[in-house]
Amino acid sequence: MAVGTNPGDKMAQNIAQITLVIDDYDEAIAFFTQKLGFELLEDTSLSDAKRWVTVSPEGGTFRLLLAKAVGDEQKSRIGNQTGGRVFMFLYTDDFCRDYKRYQEAGVKFVREPKQEPYGTVAVFADLYGNLWDLIEETRK
């Protein structure tokens, strides 16, 4: 019998990385590291035009692969990877601290803080216009 085919076997999986289509590596790195305080985990040149660049919230396990768009099809997705819906959900342990820090860094908030049943949330746009929720969950 093949590994993992027993009905009682449970798979241990998680989503560890997602691609964010960008226009320029250096401006994207600057936004995520300087404005959002993310860590630059890797920046490896793969060719004259292509780099493997990953960033992550400090201490986080999830990574964003910053991928420079190639061709018209990919370029058309920059800033609108989800058709105008919120794209990413950035959870924080201190909403007020991060909201203030992001405002001071010039991050553009498109929806002001609001108390929802699940917590405090505000929506900001990244440097290309993708929408992100900044969320502090309500403690249970």
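Attention here is on the structure that accompanies the text. Given the structure is predicted, the values throughout are model-derived calculations rather than measurements. (Residues numbered from 1 in each chain as written. Predicted model: local features only at pLDDT ≥ 70, side-chain atom pairs only at ≥ 80, totals over all residues. Heavy atoms only, no water.)

**Points about the overall build of the chain**
Then comes step 1: Helix and strand content of the chain: three helices and eight strands.
Then comes step 2: The order of helices and strands in the chain, counted from the N terminus, is β-α-β-β-β-α-β-α-β-β-β.
Then comes step 3: Principal axes of the C-alpha set define a box for the chain whose edges measure 55 × 50 × 30 Å.
Then comes step 4: Among the 140 residues that make up the chain, the fraction classed as buried is 34%. (Helix = DSSP H or I, 4+ residues; strand = E, 2+ residues; numbered from the N terminus. Buried < 20%, exposed > 50% of the residue type's maximum accessible area, 1.4 Å probe, protein only.)

**Structural notes on the nonpolar core**
Then comes step 1: Phe 32, Leu 64, Leu 66 and Phe 124 are the most contacted members of the largest nonpolar core, which totals 29 residues.
Then comes step 2: Looking at this core element by element, the count peaks at five residues for helix H1 (residues 25-35). (Core = buried A, V, L, I, M, F, W, Y, C linked by side-chain atoms within 4.5 Å.)

**Comments concerning the sheet that holds strand E2 (residues 39-45)**
Then comes step 1: One open sheet accounts for four strands, arranged E1-E4-E3-E2; its pairing is mixed. Two strands bound the open sheet, and with one partner strand each, they are strand E1 (17-22) and E2. The average undirected angle you get between the axes of adjacent strands in this sheet is 25°.
Then comes step 2: Pairing analysis gives six bridges linking E1 to strand E4 (residues 63-68), with the strands arranged parallel. Bridge pairing links Ile 18 to Leu 64 in E4. (Pairing = 2+ DSSP bridges. Axes fitted to C-alpha atoms, helices over the stretch in contact; angles between N-to-C directions.)

**Concerning the packing of aromatic side chains**
Then comes step 1: Applying the stated criterion across every chain, the model contains nine aromatic pairs.
Then comes step 2: When the ring of Phe 38 is compared with that of Trp 132, the centres are 6.3 Å apart and the planes differ by 70°; the resulting orientation is edge-to-face. Of the two residues, Phe 38 sits in the loop between H1 and E2 while Trp 132 sits in strand E8 (residues 131-137), which places them 94 residues apart along the sequence.
Then comes step 3: Its relative accessible area of 7% is what places Phe 38 among the buried residues.
Then comes step 4: Joined through ring pairs, the aromatic side chains of Phe 31, Phe 32, Phe 38, Phe 95, Tyr 99, Tyr 102, Phe 109, Phe 124 and Trp 132 make up one cluster. (Phe/Tyr/Trp six-rings, centres within 6.5 Å; stacked < 30°, edge-to-face > 60°.)

**Quick notes on the environment of Leu 41**
Then comes step 1: Its place among the elements puts Leu 41 in strand E2.
Then comes step 2: For the pair Leu 41 and Lys 108, spaced 67 residues apart in sequence, the C-alpha to C-alpha distance is 25 Å.
Then comes step 3: Residues within four places of Leu 41 in sequence aside, it is in contact with Thr 54, Val 55, Ser 56 and Arg 63. (Contact = heavy atoms within 4.5 Å.)

**Digging into the side chain of Ser 56**
Then comes step 1: Locating Ser 56 in the fold gives a position in strand E3 (residues 51-56).
Then comes step 2: Setting aside residues no more than four positions away along its own chain, Ser 56 makes contact with Phe 38, Glu 39, Leu 41, Thr 61, Phe 62 and Arg 63.

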